[in-house]
Amino acid sequence: MNRELCICAEPEGCILKNGELIFYYVGYFSQNIIHAIGDAVRARLENGETPGAVRRRMFSIFVEMAQNIVHYSSEQLPGGHDPGAEIRAGSVCICREDAHYHIICRNPVTSEWAERLRHVLEDLRQMSRDEIRQAYRRQMREGEPEENSKGAGLGLLTIARDSEGPIDFRLEPGSAGDLIFTLKATL
């Protein structure tokens, strides 16, 4: 792994002094890895005292964040024999602090993609819960716009819809002109 992943290794707020670490992974993500991690996350949540509705929302957010890493992380490995098999670097953390759960992901992104993310996320942070639900329904009916063919708009709407409050994000300087993108959702 290169230096970008070292920056991703400890998302702010993941390792808590008075909280509980539920799940943490840093490395390369692919669809197969998301599936395996999803099984581990699901098992960990089912063995805890997390209510079913919270588990479902938490799992939904985790999947969307992991998918965003696979689609948009600027650090990637060749997909081997399958040209569509993307393998990209990032980290994801699920933790609990008091009565709140936090899901945090972090990965390098290109400066061009960072600007698109910034615009979408700043708009999302200004929307009410009802506006987010309406935008989600509208996006489901209309489909993704062509310039956003991998679905990040719907994924971010899903994260915002399933979170208790506005989602937090940060874009920090990385290396080689890329930025480090951190996204945090709270339940």
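Residues numbered from 1 in each chain as written. Predicted model: local features only at pLDDT ≥ 70, side-chain atom pairs only at ≥ 80, totals over all residues. Heavy atoms only, no water.

**Student:** Would you take a moment to explain the environment of Cys95 for this structure?
**Tutor:** If you trace the backbone, Cys95 turns up in strand β3 (residues 87-97). Among the residues examined, Cys95 registers a relative accessible area of 0% and is labelled buried. Separated by 76 residues in sequence, Cys95 and Gly19 have C-alpha atoms that sit 7.1 Å apart. (Helix = DSSP H or I, 4+ residues; strand = E, 2+ residues; numbered from the N terminus. Buried < 20%, exposed > 50% of the residue type's maximum accessible area, 1.4 Å probe, protein only.)

**Student:** Sorry if this is basic, but what is going on with unusual backbone geometry here?
**Tutor:** The phi torsion of most residues other than glycine is negative, and most of the peptide bonds are trans. Not every positive phi belongs to a glycine, and Asp98 is a case in point at roughly 55 degrees. With respect to the helices and strands, the residue Asp98 is situated in the loop between β3 and β4 (100-109). For Asp98, a relative accessible area of 66% corresponds to the exposed category.

**Student:** Looking at this model, I keep getting lost on the packing of aromatic side chains. Mind explaining?
**Tutor:** We describe a pair of aromatic rings using the distance from one ring centre to the other and the angle between the two ring planes. Per the stated rule, a full pass over the model turns up three aromatic pairs. Ring geometry for Phe59 against Phe62: centres 6.0 Å apart, planes inclined by 45 degrees, an arrangement best described as tilted. Of this pair, Phe59 and Phe62 both sit in helix α3 (residues 52-72), separated by three residues, roughly a single helical turn. Across the pair, Phe62 and Phe59 agree in class, each one buried. Between Tyr72 and Trp113, the ring centres sit 4.2 Å apart and the planes meet at 15 degrees, which makes this aromatic pair stacked. Within this pair, whereas Tyr72 is found in helix α3, its partner Trp113 is found in helix α4 (residues 111-126), the two being separated by 41 residues in sequence. One exposure class covers both Tyr72 and Trp113, and it is buried. One cation-aromatic arrangement involves Arg42 over Phe59; the distance from NZ or CZ to the ring centre is 4.2 Å. (Phe/Tyr/Trp six-rings, centres within 6.5 Å; stacked < 30°, edge-to-face > 60°. Lys NZ or Arg CZ within 6 Å of the ring centre and 35° of its normal.)

**Student:** Would you mind going over the environment of Ser128 with me for this structure?
**Tutor:** Residue placement: Ser128 occurs in the loop between α4 and α5 (129-142). Separated by 33 residues in sequence, Ser128 and Arg161 place their C-alpha atoms 9.8 Å apart.

**Student:** Just checking my understanding: could you explain a positive patch on the surface for this structure?
**Tutor:** A contiguous patch of positive charge, built from Arg129, Arg133, Arg137, Arg138 and Arg141, is present on the exposed surface. If you trace the backbone, Arg133 turns up in helix α5. (Patch = residues over 30% accessible without salt bridge, like charges linked within 9 Å, V, L, I, M, F, W, Y side chains within 5 Å. Areas by Shrake-Rupley, 256 points an atom, 1.4 Å probe, with all protein chains shown as cover. Salt bridge = Lys/Arg side-chain N within 4 Å of Asp/Glu carboxyl O. Lys, Arg positive; Asp, Glu negative; His and termini not counted. Charge placed at Lys NZ, Arg CZ, Asp CG, Glu CD.)

**Student:** Could you clarify how one ought to interpret the pattern of salt bridges in this entry?
**Tutor:** A side chain with one charge can pair with a side chain of the opposite charge if their charged atoms come near. Scanning the entire structure with this criterion turns up nine salt bridges. Residue Arg96 pairs with Glu20 through a salt bridge whose shortest N-O separation is 2.7 Å. Of this pair, Arg96 sits in strand β3 while Glu20 sits in strand β1 (residues 20-29), and the two are 76 residues apart along the sequence. For Glu20, a relative accessible area of 25% gives the class partly exposed. Between Glu172 and Arg170 there is a salt bridge, with the nearest N and O atoms lying 3.2 Å from each other. With relative accessibility at 27%, the residue Arg170 sits in the partly exposed group. Overlapping salt bridges, with partners in common, bring together Glu20, Arg44 and Arg96 in one network.

Spatial relationships are all this shows, so hold off on functional conclusions.
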